[in-house]
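# A closer look at the structure
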Amino acid sequence: MKCHVCGGNLESQVTDMPFKLSTRTIAILKDLPVLQCGRCGEYVIEDPVMEKVDALLEKVDNATELEIVRFAA
Ligand SMILES: [Zn+2]
């Protein structure tokens, strides 16, 4: 798979990534598998992973300011 920005090679990475859920709620997803470009740093989250991310984020209480969610593959 190629980077859609620069055409570089995408590599599988595991990273932590913040998602803003509302004006005051941020969830940090730990151990998230992504594809990252080795050249420009652009990253891609694959559709099956994104679906799981959506499901995990739906469970986060919007009254919480910061939630840390572990992504279990
Ligand atoms: Zn790139």
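Located above this text is the structure these notes cover.
Residues numbered from 1 in each chain as written. Predicted model: local features only at pLDDT ≥ 70, side-chain atom pairs only at ≥ 80, totals over all residues. Heavy atoms only, no water.

### Regarding a negative patch on the surface
On the surface, Glu46, Asp47, Glu51, Asp54 and Glu58 cluster together to form a negatively charged patch. Among the secondary structure elements, aspartate 54 is positioned in helix H1 (residues 47–58). A relative accessible area of 39% places aspartate 54 in the partly exposed class. (Patch = residues over 30% accessible without salt bridge, like charges linked within 9 Å, V, L, I, M, F, W, Y side chains within 5 Å. Areas by Shrake-Rupley, 256 points an atom, 1.4 Å probe, with all protein chains shown as cover. Salt bridge = Lys/Arg side-chain N within 4 Å of Asp/Glu carboxyl O. Lys, Arg positive; Asp, Glu negative; His and termini not counted. Charge placed at Lys NZ, Arg CZ, Asp CG, Glu CD. Helix = DSSP H or I, 4+ residues; strand = E, 2+ residues; numbered from the N terminus. Buried < 20%, exposed > 50% of the residue type's maximum accessible area, 1.4 Å probe, protein only.)

### A look at the pairing of strand S2 (residues 26–37)
Alignment of strand S1 (residues 10–20) against S2, held across ten bridges, turns out to be antiparallel. Bridge pairing in S2 links serine 12 to leucine 35. Adjacent in sequence and paired antiparallel, S1 and S2 are bridged by five residues. The pairing of S2 with strand S4 (residues 66–70) spans five bridges and is parallel. Pairing of isoleucine 26 across the sheet is with leucine 66, part of S4. Where S2 hands over to strand S3 (residues 43–44), the hairpin turn is made up of five residues, of which glycine 41 adopts a positive phi near 85°. (Pairing = 2+ DSSP bridges.)

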